[in-house]
Amino acid sequence: MNAMSPVHPHPYAGDGRHVGSYYAASANPSPDRPQLLGEYETDICVVGAGYSGLSTALHLAEKGYKVAIVEGVRVGWGASGRNGGQIVNGLNASLETIGRRYGADTARFVAGLVQEGGEIIRERVRTYDIRCDLKDGNVFAALTPAHLRELEARKALWESHGLHNQRMLSRDEMRGHVKSDLYVGGMIDVSGGHMHPLNLALGEAAALESLGGVIFEMSPVLSVDHAAERPVVHTAQGQITCRTLVLCGNAYLGHVVPTLTSRVMPVSTQVMATRPLGEKLARELMPTDVCVEDIRYILDYYRMSADFRLLFGGGTVYGGADPKDIKAKLRRNLDKVFPQLAGTEIDFAWSGNFALSFSRVPQMGRIGANTYFAHGYSGHGVTGSHTFGRILSEAINGDLTRFDSFAALPWIPFPGGRTFRVPYSVIGSWWYALRDRFGV
């Protein structure tokens, strides 16, 4: 970076370094990439070096396109480098909900791609030798008989669409995966899994660069001319002109594109990492080394890291603010799941934002003739972003079949608009939290 060129940080960026997460502390080596300085031209410009942007860019580079990514901070700085690291198949909205809202044809279409994101991740890891501690197995935990019935109905619905990757777990079988008395049973998805999310993003960035792709870091986008025949992206010290623009800023795009701002709301979720527990205790607590999430509205999710730390996440803050004390917010739930760990030191605690859509269905579309966008994964972005990146690349390459199916789905604005969407959502979350508490 030219020392004479001042850094204009992303509005969320702080000093431009990754947040103090376990993932940042254990990240694979990665270069600091240059800022965008001056004028640059490319076939495809992608805004955002998270999973959506990286997936789109890598698919297009594999097809021979000249691709550049503009990132406001660092590769994987947002949700892609901070999340729970869980490969969970499906969207936030269930297949039942999608069928009820949009019809049986749409439900069949979505069922045909709910496992695709995990498959793409595994293919990327194999093809580009990405070291991200990838492991198989995702367990959904039931705290009540009602939760078990919900999981049984989900399994039956998925099987009706030809998806046979899930198996119900009795209480004893559940304890074979998680040594906790909290659960009455569960369900395992053998095609799910978990990994080190930041290292996956860094590996995908390196893969893109190996194919000639370019990534500009510390280059927050100030404005976008998406109405032009050749869209233009303006940063503090440069601009990119392209044939096709793809907006993948998700919860961190801010107000750069006002047309998209009201479509989603940033929501923060929190994660913390214990001190290393040692292999013996880690295997006692989680013998099969799967990742786990329960199925409450405000859920817990957790797994073991490669160095045998418990990574435990949960909680939500609508509007994207960070809670004052992440450890205090999560500690009580951790101790309920694993009372054996009461008093265990917490080495890292961090927060990050995902983009929530009101319908809980991700959105994909086009503004202007040559500008595409994807966002609103609503907490299921690890897999959804990889799938949407492939679908965006198909559309840009001329096959609009799957893109048009998603773009045609109506989006629903948040009640109260931008002013009141946060308090209305908080009230709704209280209601669902009460239902969770009383097992309704």
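Refer to the structure above for everything that follows.
What you see is a predicted model; the values in this text were computed from it and never measured.

What counts, and where the lines are drawn
Residues numbered from 1 in each chain as written. Predicted model: local features only at pLDDT ≥ 70, side-chain atom pairs only at ≥ 80, totals over all residues. Heavy atoms only, no water. Helix = DSSP H or I, 4+ residues; strand = E, 2+ residues; numbered from the N terminus. Rg over C-alpha atoms; globule rule 2.2 N^0.38 Å. Buried < 20%, exposed > 50% of the residue type's maximum accessible area, 1.4 Å probe, protein only. Contact = heavy atoms within 4.5 Å. Areas by Shrake-Rupley, 256 points an atom, 1.4 Å probe, with all protein chains shown as cover. Lys, Arg positive; Asp, Glu negative; His and termini not counted. Charge placed at Lys NZ, Arg CZ, Asp CG, Glu CD. Pairing = 2+ DSSP bridges. Right-handed = clockwise from strand over helix to strand, strands pointing away. Salt bridge = Lys/Arg side-chain N within 4 Å of Asp/Glu carboxyl O. Expected span 1.5 Å × (residues − 1). Polar contact = N/O pair within 3.5 Å; in protein donor to acceptor, adjacent residues only side chain to side chain. Phe/Tyr/Trp six-rings, centres within 6.5 Å; stacked < 30°, edge-to-face > 60°. Lys NZ or Arg CZ within 6 Å of the ring centre and 35° of its normal.

Once that is clear, we can look at the overall build of the chain. Helix and strand counts for the chain stand at 14 helices and 17 strands. For 440 residues, the compact-globule formula gives about 22 Å, and the C-alpha radius of gyration of the chain, at 21 Å, lands near that figure. Seen through its principal axes, the chain has C-alpha atoms that stretch 60 × 50 × 45 Å. In the chain, which comprises 440 residues, the proportion classed as buried is 57%. Restricting the contact set of the chain to residue pairs at least 6 apart, pairs at least 24 apart contribute 75%. Only carbon and sulfur atoms are counted for the fraction: they give 52% of the accessible area of the chain, which is about 17,900 Å². With 44 positive and 43 negative side-chain charges, the chain shows a separation of 5 Å between the mean positions of the two kinds.

At Asp129, a residue that is not glycine, the phi angle is positive and equals roughly 50 degrees. Mapped onto the secondary structure, Asp129 falls in the loop between helix H5 (116-128) and strand E4 (135-142). Its relative accessible area of 61% is what places Asp129 among the exposed residues. Phi is positive for Arg360, which is not a glycine, with a value near 65 degrees. Residue position: Arg360 is located in the loop between strand E15 (346-357) and strand E16 (363-366). What makes Arg360 buried here is its relative accessible area of 18%.

In this structure, strand E1 (residues 38-47) lies alongside strand E10 (residues 238-247), joined through 9 bridges in parallel fashion. In the sheet register, Val46 faces E10, and the bridge partner there is Val246. In this view, the connection linking E1 to its parallel neighbour strand E2 (residues 67-70) by way of helix H2 (residues 51-62) has right-handed handedness.

The next subject is the pattern of salt bridges. In this structure the tally under the stated criterion is 23 salt bridges. We note a salt bridge from Asp43 to Arg243, for which the minimum N-O separation is 3.5 Å. Here the residue Asp43 occupies a position in strand E1, and Arg243 occupies one in strand E10, the gap between them amounting to 200 residues. Between Arg124 and Glu62 there is a salt bridge, with the nearest N and O atoms lying 2.7 Å from each other. Of this pair, Arg124 sits in helix H5 while Glu62 sits in helix H2, and the two are 62 residues apart along the sequence. Judged by its relative accessible area of 2%, Arg124 falls in the buried class. For Glu62, a relative accessible area of 36% puts it in the partly exposed group. Connected via shared salt-bridge partners are Arg33, Arg74, Glu209 and Glu217.

Moving on, we come to H2. Helix length check: H2, at 12 residues, gives a terminal C-alpha distance of 16 Å against a target of 16 Å (1.5 Å per residue), a fit within 8%. When you tally the buried positions in H2, you get 11 out of 12 residues, the bulk of the element. Looking only at H2, the buried set comprises Tyr51, Ser52, Gly53, Leu54, Ser55, Thr56, Ala57, Leu58, His59, Leu60 and Ala61.

Here the focus is the side chain of Ser351. As for its position among the elements, Ser351 is in strand E15. Among the residues examined, Ser351 registers a relative accessible area of 6% and is labelled buried. In terms of polar contacts, Ser351 uses its side chain to reach the side chain of Gln270, at 3.3 Å. Setting aside anything within four residues of it in sequence, one finds Ser351 in contact with Arg82, Ser268, Thr269, Gln270, Asp322, Pro323 and Ile326.

The description of an aromatic ring pair uses the distance of the two centres, along with the angle that the planes make with each other. For the structure shown, the criterion picks out 11 aromatic pairs. Counting every residue linked through ring pairs, the aromatic cluster contains Tyr22, Tyr23, Phe348 and Trp350. Over the face of the ring belonging to Tyr40 we find Lys66, whose NZ or CZ atom lies 5.4 Å from the ring centre. Of note, Arg154 hangs over the ring of Phe140, and the distance from its end group to the ring centre comes to 4.5 Å.

Looking now at the environment of Phe312. If you trace the backbone, Phe312 turns up in strand E14 (residues 310-318). Classification of Phe312 by relative accessible area gives buried; the value is 0%. Sequence-wise, Phe312 and Leu334 are 22 residues apart; in three dimensions their C-alpha atoms are separated by 7.0 Å. If we skip the residues at most four places from it in the chain, Phe312 touches Gln270, Val271, Met272, Asp300, Tyr301, Tyr302, Leu330, Asn333, Leu334 and Val337.

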